Amino acid sequence: MKNEFTASVDEQLLMEVLTKIIQNSQGYIRPEGSRIDELEKYLFTWSLMSDEYSYNLYARILSRMLAVEFLDDNTAASLFPIWSEAFAREYNMKKQTVTLPDLKHPDDMGSKLIFPETFYMPAYNYHNECCVEEGDVVFDVGAWIGDTAYVFSKKACGGGAGRIYAFEPMPQNYDMLAVNAEKIANLEIYNVGLGKEEGTLKFTFPEWGAASGSSRYDENGDVEVNIVTLDRFVAEKKIEKVDFIKADIEGAECDMLLGAAETIRKFHPKLAICIYHRGQTDHYKVPETILSIRQDYEFYLEAYLNGLNETVLFAVPVDYQPERRQPSPKTVTTVKELYKAVQDRLRTNYQTTFFKEFSCWLDRFLKCHFEWKTINRDNRRMFLNNSGAVHYKLFFMRNGVDVLLVFDRFETYKEVHKVKIRELLDRFLETHVDYTLTSNQYGIYICKHLSVQWVTPENAACNMAVLMKETMGQLWKAGVIDPECIKQVFSEADSIGREFL
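Here the structure is a predicted model, which is why all the values come from computation and not from measurement.

Visitor: In this structure, what is going on with the sheet that holds strand β16 (residues 436–440)? I would like to understand it.
Guide: The strands making up a sheet associate through hydrogen bonds between their backbones, and the pairing can be parallel or antiparallel. With antiparallel pairing, the 6 strands of this open sheet are ordered in space as β12-β13-β14-β15-β17-β16. Bordering the open sheet on either side are β12 (373–376) and β16, each of which pairs with just one other strand. Put simply, the sheet's adjacent strands are angled 25 degrees from each other on average, direction ignored. Note that strand β15 (residues 400–408) and strand β17 (residues 443–451) share 9 bridges and pair antiparallel. Along β17, the bridge assignment pairs L405 with I446.

Given below as structure tokens:
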């Protein structure tokens, strides 16, 4: 068993991961988010793993989760595979030899990939530690077209004693489930969703098909779904035991567990719960929810894809009451420090390289050179007056780069300057609809946001050049600019200065 968190080993492993990330980053950084505030929770999930296989698997998953913030997807996948070579070989062998049952399923590309996985993985079976057994009463929550119900029935109902309760909220999927139910022993099917409270919710299908297994809650969805709680269902049906609950419901797993709290407390069933649907936040929210209901579970993990999706947490009942597990505080602190150091180093390198190339492109576009000041890691400014209140700014954000013209402390400006500036900005915004005007307690500014997917030093410089060419001359004529702040323009050949201004 591996319920203890070994601080020195874990710190060393993550230090090696972060070192490898630095060596392979090549200036890349994914700016849209940071996991530093969640690291302690991911480490907590890691500390729950009850055997060496699950512990090592989660180490690989955590490594990949860190890597995709700092490396492109292909590099992250190459350096930090989720599957071991042995597992990948076994997967490919089973994929080639599996015999699929004659079940009706959507004839689309997604289903042709998803449907066979149930039978050659096998899904929702953890090394016979957590699986459906003969005579079990099973809840198949998110049954799709009955593929998992088929597998569960073969295991539970061979002697006639087991029973499968399958829940599928989406009408198109339920229709196919109803056809397939005729071939599945001891199966009861219900066209409802399971949640934390009774009611109705709107659902939607993903873009790739109305028969997909990936329907989910969406307040703007076009399908209304009835929601019941598992507790109420069990009570109304007078079900006398529950042995196994499987849930694959696109991010609603925690709500389902909360609606099953009395059932879990009473019957202490085995659980197989997907934890990948909400950007990995369910890695810690699902076990937290389970442990808030009952503490006496051991946890195991399996990944049914060589990536961050298709990850299932298995909770196995145990006959003792363990104390709540926690990672070592020393490990949490050390890992956060390591993570922050890597992020700071890579972000600084990325921004320095980006700005150097940006400056070269801007000089080329403007045919003259301007001096920019580094205010902090995230922004560079070119000042237009001695007070620093008027400036162009290149600002690095998590989701891209902003190109701005800023008028700080605008209320302190001379009235004649305020009028001229507003007129200038109105004219500029009429012809540049991708810029926005913002006014706040600090002043006013116009801004164009360049998203991380598209921004390059060249297109940032191009946008800045347009902004400067179409506003600097007017600001100079209006007397807003102090000429000494842009004296490099006047030190160039007269023709260049006249052309620019």
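Let us keep going from here.
Visitor: Explain helix α15 (residues 457–477) to me, please; I cannot follow it from the model alone.
Guide: Because each turn of an α-helix spans 3.6 residues, side chains separated by three or four positions end up pointing in the same direction. Its 21 residues place the ends of α15 30 Å apart at the C-alpha level, agreeing with the 30 Å of an ideal helix rising 1.5 Å per residue. Those residues of α15 that fall on the buried side of the exposure criterion are P457, A460, A461, N463, M464, A465, L467, M468, T471, M472, G473 and L475. Taken from the residues just after α15, G479 is the one with a positive phi, measuring 80 degrees.

Visitor: How do you make sense of the sheet that holds strand β1 (residues 137–141) when you look at a structure like this?
Guide: Taken in spatial order, the 7 strands of this open sheet run β3-β2-β1-β8-β9-β11-β10, and their pairing is mixed. At either end of the open sheet lies a strand with only one pairing partner, and these are β3 (187–190) and β10 (297–303). Shown here is a sheet whose adjacent strand axes are inclined to one another by a mean of 15 degrees, direction ignored. Sheet analysis places strand β9 (residues 270–274) next to strand β11 (residues 311–317), joined by 4 bridges and oriented antiparallel.

Visitor: Please clarify how the pairing of β16 should be interpreted in this entry.
Guide: The side chains of a regular strand alternate between both faces of the sheet. Here β16 runs beside β17; their pairing, made up of 5 bridges, is antiparallel. Its bridge partner being in β17, L437 is matched across the sheet by I446. As consecutive antiparallel partners, β16 and β17 are separated by 2 residues.

Visitor: Please explain the packing of helix α14 (residues 415–431) against α15 as it appears in this structure.
Guide: To characterise two packed helices, one gives the angle between the axes of the helices and the distance between these axes. Where α14 contacts α15, the two axes come as close as 11 Å, and the packing angle between them is 155 degrees. With respect to α15, the axis of α14 lies roughly antiparallel. Our pair here, α14 against α15, has a crossing hand that is right-handed. When α14 is examined against α15, the residues I421, L424, R427, F428 and T431 are found in contact with a partner set consisting of L467, E470, T471, Q474 and L475. Within the contact of α14 with α15, the residues separate by chemical class into 5 nonpolar, 3 polar and 2 charged.

Visitor: Quick question: what am I supposed to make of unusual backbone geometry here?
Guide: The bulk of non-glycine residues show a negative phi, and the bulk of peptide bonds are trans. A positive phi angle, close to 55 degrees, is found at K238, a residue other than glycine. Summarising the element assignment, K238 is placed in the loop between α9 (230–237) and β8 (244–247). Of note, Q280 is a non-glycine position whose phi angle comes to about 75 degrees, a positive value. Its place among the elements puts Q280 in the loop between β9 and α12 (282–293).

Visitor: Would you take a moment to explain the environment of E69 for this structure?
Guide: Assignment of secondary structure puts E69 in helix α3 (residues 52–70). Taking C-alpha positions, E69 is 8.9 Å from Q343, a pair spaced 274 residues apart along the chain.

Visitor: Mind showing me how you'd approach the environment of D136 here?
Guide: Relative to the helices and strands, D136 resides in the loop between α6 (109–120) and β1. Under the relative-accessibility criterion, D136 is labelled buried at 8%. Distance from D136 to F152, taken between C-alpha atoms, is 9.0 Å for residues 16 residues apart in sequence. Excluding its chain neighbours within four sequence positions, the residues that come into contact with D136 are C131, A156, G162, R163, K241, D243 and K270. A distance of 3.1 Å separates polar atoms of two side chains, one belonging to D136 and the other to K270.

Rules used in this analysis
Residues numbered from 1 in each chain as written. Predicted model: local features only at pLDDT ≥ 70, side-chain atom pairs only at ≥ 80, totals over all residues. Heavy atoms only, no water. Pairing = 2+ DSSP bridges. Helix = DSSP H or I, 4+ residues; strand = E, 2+ residues; numbered from the N terminus. Axes fitted to C-alpha atoms, helices over the stretch in contact; angles between N-to-C directions. Expected span 1.5 Å × (residues − 1). Buried < 20%, exposed > 50% of the residue type's maximum accessible area, 1.4 Å probe, protein only. Parallel < 35°, antiparallel > 145°, perpendicular 65-115°, else oblique. Left-handed = near helix turned anticlockwise from the far one by under 90°. Contact = heavy atoms within 4.5 Å. Nonpolar A, V, L, I, M, F, W, Y, C, P; charged D, E, K, R; others polar. Polar contact = N/O pair within 3.5 Å; in protein donor to acceptor, adjacent residues only side chain to side chain.

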